[in-house]
Amino acid sequence: MGYAIEARCLTKKFGDLTAVDSVSLSVREGEIFGLLGPNGAGKTTLISMLVTMRKPTSGSATVAGFDVVKNPGDVRRSIGIVFQDPSLDEELTASENLELHAAMYGIPGQQREARIKEVAKMVELSGRLSDQVKTFSGGMRRRLEIARGLMHFPKVLFLDEPTLGLDPQTRAHIWDYVRKLREKNGITVVLTTHYLDEADLVCDRIAIIDQGKIVAQGKPAELKGKLSADRVTIHCRFPARLKRAVWGQDGILKADVAGGRLELRVSDAGRKMPAIVSIANKAKVAIRSLEIRKASLDDVFLHYTGRSMRDEPASAKDSLRIRRRAWGRGR
Ligand SMILES: Nc1ncnc2c1ncn2[C@@H]1O[C@H](COP(=O)(O)OP(=O)(O)OP(=O)(O)O)[C@@H](O)[C@H]1O
Ligand SMILES: [Mg+2]
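Note that the structure is predicted; figures quoted are calculated from it, not measured.

Scored by pLDDT, the chain has a mean of 89; 94% of the residues are at 70 or more. By mean pLDDT, helix H12 (residues 316-327) is the weakest element of the chain at 65, and strand E4 (residues 58-63) is the strongest at 98.

Here is the structure:
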């Protein structure tokens, strides 16, 4: 199988700021590939070079086999884009928005109607085609934008934060469509998202980006597997005493006291727990509750960047984006 995207040392500078710093990545045909990273990491800038909207400062990339600098027209014909910021015309109906896009891409008049019906069906908006977009919910708008991105049969679909600000059920629905698209049409999908758990479920491979650089790349399971240890949280009366008692035991890789709890990294925690509980009994530490958790993508992020993505405050820009999506522009 070939590569849908190959980027080599792709770099974008804005004055003194290096927004994308020598990024190399390969995305296979038919793959769902996720770009994860905090606000300002460079995800949108990286995508904008791949979709030919910005010229790289240095480095090169091909999309669907075409060079993004030498053959931008061929690249554009091969891709669909769902932008991070809303880009539908609210005053027009859903159907008119799709029609406009079809005209722009030169889809012949007689094929347009059939294609509009087809893409509307894919995102379950068939019954709403003649309604104005301003009557749509945030989730429906997003689905319509995805439908629009699919109008001209793209080989590669770029989705920049397709689910930001939507409720969990609608987010799950959107990921469902994305997976179906890949299964039915073999489309390659490149997406960015702040929701690490969802990226874990939907992506075949991910790249973690921080300050313009890829700090880790691979299958979610591989990346989590590399961290190997499970996370164990023990709520108890004397966490420091328990820490002293368990430290040095086989399989205990890290122990930290935080508030009224002991946080452990333990390899194969399920099997080690009885021993830990019996150590606690001997040390006369009463355990109130105990939680075992496998490494998550957030742990992977923390491991490579030293920060937790969950702790990153939503930027003012994100809040604005969320409000816009919920209520539509101009309201
Ligand atoms: N046109 C521009 N001019 C100057 N700086 C820019 C421009 N576009 C982006 N930047 C800067 O480049 C960096 C990367 O921005 P980018 O939008 O690519 O991040 P992102 O990962 O998409 O963030 P978010 O999660 O908020 O969407 C940021 O520091 C941003 O301020
Ligand atoms: Mg962005």
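What follows deals with the pairing of strand E8 (residues 188-193). Of all six residues in E8, six are buried; the element is thus mostly enclosed. Because side chains alternate across E8, one face comprises the buried residues Thr188, Val190 and Thr192, and the other comprises Val189, Leu191 and Thr193, equally buried. Relative to E8, strand E3 (residues 32-36) runs parallel, the two sharing five bridges. Bridge pairing links Ile32 to Val189 in E8. Here strand E7 (residues 156-160) pairs with E8 via five bridges, running parallel.

Taken in spatial order, the six strands line up as E6-E7-E8-E3-E9-E10 in an open sheet, and their pairing is mixed. What marks the edges here is a single partner per strand, and that holds for strand E6 (79-82) and strand E10 (213-218). Recorded for the sheet is a direction-independent mean angle of 15 degrees between the axes of neighbouring strands. Set on the sheet, helix H8 (residues 220-227) makes contact with strand E9 (205-210) and E10; between it and E10 the angle comes to about 100 degrees. With respect to the sheet, helix H11 (residues 297-305) is in contact with E3, E9 and E10, its orientation differing from that of E9 by roughly 40 degrees.

Turning to the coordination of the magnesium ion (ligand 2), a few remarks are in order. Coordination sphere of the magnesium ion (ligand 2), protein contribution only: Thr44 (OG1) and Gln84 (OE1), at 1.9 to 2.2 Å. One end of the pair, Thr44, is in helix H1 (residues 43-50); the other, Gln84, is in the loop between E6 and helix H3 (94-104), and 40 residues separate them in sequence. Residue Thr44 is classed as partly exposed on the basis of its relative accessible area, which comes to 35%. A relative accessible area of 9% means that Gln84 is categorised as buried.

Close to ligand 1 lie 15 residues; Gly40, Lys43, Thr44, Thr45 and Gln84 are nearest. In this structure, an oxygen atom belonging to ligand 1 sits 2.9 Å away from a main-chain N or O atom of Gly42. Between ligand 1 and Lys43 there is a distance of 2.8 Å, counted from an oxygen atom to a side-chain nitrogen or oxygen. Relative to its free-state accessible area of 640 Å², ligand 1 is covered by the protein chains to the extent of 69%. Of all the secondary structure elements, the ones that give two or more residues to the shell around ligand 1 are strand E2 (17-28) and H1. For the shell around ligand 1, the residue count by class is five nonpolar, seven polar and three charged.

Moving on: the sheet that holds E4. Spatial ordering of the open sheet is given by E2-E1-E4-E5, a layout of four strands whose pairing is antiparallel. A strand with exactly one partner marks an edge of an open sheet, and here the two such strands are E2 and strand E5 (66-67). Sheet analysis places strand E1 (residues 3-14) next to E2, joined by eight bridges and oriented antiparallel. Within E2, the residue paired with Tyr3 across the bridge is Arg28. Contacting E1, E2 and E4, H1 crosses the sheet at an angle of about 120 degrees to E1.

Turning our attention to the packing of aromatic side chains. Under the defined criterion, the tally for this structure stands at zero aromatic pairs. Over the aromatic face of Tyr195 sits the side chain of Arg171, whose NZ or CZ is 3.7 Å from the ring centroid.

For H3, every residue scored as buried is listed here: Ala94, Asn97, Leu98, His101 and Ala102. Projected down its long axis, H3 carries its buried residues within an arc of 135 degrees, all on one side. Buried residues in H3 make contact with helix H4 (109-122) and helix H5 (138-150). Where H3 terminates, the next one or two residues include Gly106, which has phi positive at roughly 70 degrees.

Once that is clear, we can look at the nonpolar core. With 46 residues, the main nonpolar core has Leu98, Leu144, Leu159 and Leu191 as its most contacted residues. The element best represented in this core is H5, accounting for five residues. Sequence-distant contacts of Leu159, defined by excluding residues within four places in its chain, comprise Val82, Ile146, Val178, Val189, Val190, Leu191 and Thr192. Ala4, Leu50, Ala61 and Val68 belong to the second-largest nonpolar core, a separate cluster that totals 26 residues.

Okay, the pairing of E4 next. Across five bridges, E1 lies against E4 in antiparallel orientation. Residue pairing in the sheet places Arg8 in a bridge with Ser60 of E4. Alignment of E4 against E5, held across two bridges, turns out to be antiparallel. Counterpart to Thr62 in the pairing with E5 is Asp67. Count of turn residues in the E4/E5 antiparallel hairpin: two residues, of which Ala64 carries a positive phi of about 50 degrees.

Basis of the calculations
Residues numbered from 1 in each chain as written. Chains lettered and ligands numbered in written order. Predicted model: local features only at pLDDT ≥ 70, side-chain atom pairs only at ≥ 80, totals over all residues. Heavy atoms only, no water. pLDDT = per-residue confidence, 0-100. Helix = DSSP H or I, 4+ residues; strand = E, 2+ residues; numbered from the N terminus. Buried < 20%, exposed > 50% of the residue type's maximum accessible area, 1.4 Å probe, protein only. Pairing = 2+ DSSP bridges. Axes fitted to C-alpha atoms, helices over the stretch in contact; angles between N-to-C directions. Contact = heavy atoms within 4.5 Å. Donors = N, O, S within 2.8 Å, 3.2 Å for Na, K, Ca; no water. Near = heavy atom within 4 Å. Polar contact = N/O pair within 3.5 Å; in protein donor to acceptor, adjacent residues only side chain to side chain. Areas by Shrake-Rupley, 256 points an atom, 1.4 Å probe, with all protein chains shown as cover. Nonpolar A, V, L, I, M, F, W, Y, C, P; charged D, E, K, R; others polar. Phe/Tyr/Trp six-rings, centres within 6.5 Å; stacked < 30°, edge-to-face > 60°. Lys NZ or Arg CZ within 6 Å of the ring centre and 35° of its normal. Arc of directions from axis to C-beta. Core = buried A, V, L, I, M, F, W, Y, C linked by side-chain atoms within 4.5 Å.

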